[in-house]
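What follows is the residue order along each chain.
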Amino acid sequence: MKKRTLLLLILSIFLIATAGAKEKKSKKSSKKTILVYSYTDEVSNMLNDFRENHPDFKYNVENIIVPSPFGEYAKELQSALENNDSSAPDIFVIDLQYLYEFTKGNMSEYVMPVNDLGIDIDAAIEKAEIASFTVDLGRNANGDVAGLSYDSSSGVFIYRRSIAKKVFGTDDPAVIQKRIGGGENDWKKFFMAASVLAKSGYSIVSGIQDLWLPFENSAEKGWIVDGKVYVDPKREAFLDYAKTAYDKGFVAKTQMWTDDWFESMKGKIPVFGFFGPAWFLNYVLTYNSIPDGSDGPENDWAICESPEGFYWGGSWTFVNKNLKSDKKAAVKQLIEYLTLDCSKDGAMYKYADSEYAKQTVVSGEVMKNIDGRLDFLFGQNMYDVFIKANQSAKGTNFSNHDDEIEIIWLDEVNQYVTGQKSRARALADFKRTVTETFALY
């Protein structure tokens, strides 16, 4: 299963309050309605809070939630926008997997740029310290901001404190970050640390796919450039790094989302750490690192910056281009509340300060003002690291068919590192397969 789709499945387990195909939340009123489409109840909960704190808002706000299967959400949304009837949403939320289609693809014609709402986007971004990668990912073909995010999926390196103490003599995040070259945009120190760990019987990460995450999103350009398949130098270099890691035991040779991968989180396979965003920390690692027979999560973890910035997943909020003019001011208020308001009254502050789980948001200003200490991280404030992660991730390397192309790429990488193909053959076969699959002639 593709990792971003699985991200949504994981989040849905914790966030979707209903199991039906569609949930409608509305109140009878003489007011006109602003219709919102989303695929989890995150936005619904934010809108409920907005209603409670804005009793004089001149519109009803109705949220239609279309949960899994997630492809059905995209189809239903597309149909509603194309028909432009009473079912068409005024605001809608899109997952990263479908983002390109709504920013630069065929569905972009139904999207209103944020500036058309009268939002001074540059000033808002600066004030709230919005993560630039999320803004870049939401730009349309003209470079205008079309979609804005509220959650941030920037990634960090998450490691076991007990192993750090045993191998490096300390579990201090500042020291470990230096040992692995965190934030330095270079992999030399990371592989030196991997060598030290290997001598003590530990793999620095669980598998090749784990290592791929920061390489994938650190590229300068996407997989398709000017209609042709393109392999960014940083992505091509991954072939060499992956081969070294595989041959020298720097990875435990597991596959993501398999039993062995989850076993490595429990410590049954000796692995030092994982790359991931806050959702991975909260909803995957926390619950899968519980030792057998234990009643609660093991607080044997810490985080630091990755050698290179990256992201993994995310949601973007859009406005229907056919929005009626009399709704613009109200929709502007809602978009600002959801994605730009960095005050304690905004949705992001309450989302990040949730009692259920600390969530990372796109606003650095918001995370600065919230206590992000987690028992799971032995009291470490996760926001101190994720603020920097927000700043280091890039959003300029996004292209069409990324998920499908990544599957092809990792298959070729695997065949190369396991000795089934030469480097040149794997690279050539990758380019040929992508060209033929997506008719890039």
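Residues numbered from 1 in each chain as written. Predicted model: local features only at pLDDT ≥ 70, side-chain atom pairs only at ≥ 80, totals over all residues. Heavy atoms only, no water.

Engineer: Hey, could you run me through the side chain of Glu412 in this one?
Structural biologist: Take Glu412: it is sitting in helix α18 (residues 402-417). Taking relative accessible area as the criterion, Glu412 reaches 6% and is therefore assigned buried. Within polar-contact distance, the side chain of Glu412 engages the side chain of Lys421 at 2.9 Å. With residues near it in sequence (within four places) discarded, Glu412 still touches Lys421, Ala426, Asp429 and Phe430. (Helix = DSSP H or I, 4+ residues; strand = E, 2+ residues; numbered from the N terminus. Buried < 20%, exposed > 50% of the residue type's maximum accessible area, 1.4 Å probe, protein only. Polar contact = N/O pair within 3.5 Å; in protein donor to acceptor, adjacent residues only side chain to side chain. Contact = heavy atoms within 4.5 Å.)

Engineer: What is the right way to look at the confidence of the model for the protein chain in this model?
Structural biologist: Low pLDDT means the predicted coordinates in that region are not meant to be read closely. Within the protein chain, residue pLDDT values average 90, and 91% of them lie at 70 or more. Below pLDDT 50 for its whole length, residues 1-27 participates in 74 contacts with residues either more than four positions away or in separate chains. (pLDDT = per-residue confidence, 0-100.)

Engineer: For this particular structure, what's the right way to read the packing of aromatic side chains?
Structural biologist: The description of an aromatic ring pair uses the distance of the two centres, along with the angle that the planes make with each other. Throughout the structure, instances matching the rule amount to 44 aromatic pairs. Relative to Phe272, the ring of Phe157 lies with its centre 5.9 Å away and its plane at 50°, an arrangement referred to as tilted. One end of the pair, Phe157, is in strand β6 (residues 156-160); the other, Phe272, is in the loop between α12 (259-266) and β9 (273-276), with 115 residues separating them in the sequence. The ring of Tyr230 has Lys221 lying over it, and the distance from NZ or CZ to the ring centre is 5.6 Å. For the cation-ring pair, Arg235 lies above Trp223, with the distance from its terminal atom to the ring centre recorded as 4.4 Å. (Phe/Tyr/Trp six-rings, centres within 6.5 Å; stacked < 30°, edge-to-face > 60°. Lys NZ or Arg CZ within 6 Å of the ring centre and 35° of its normal.)

Engineer: Any chance you could explain the pattern of salt bridges here in plain terms?
Structural biologist: For side chains bearing opposite charge, pairing can occur when the charged atoms are close. Scanning the entire structure with this criterion turns up 23 salt bridges. Residues Glu72 and Lys75 are paired through a salt bridge, measuring 3.8 Å at the closest nitrogen-oxygen approach. Placement of both Glu72 and Lys75 in helix α3 (residues 70-83) is noted, with a separation of three residues, approximately one turn of the helix. With a shortest N-O distance of 3.8 Å, Lys165 and Asp171 are connected by a salt bridge. Each of Glu412, Lys421, Arg425, Asp429, Arg432 and Glu436 takes part in a single network of salt bridges with overlapping partners. (Salt bridge = Lys/Arg side-chain N within 4 Å of Asp/Glu carboxyl O.)

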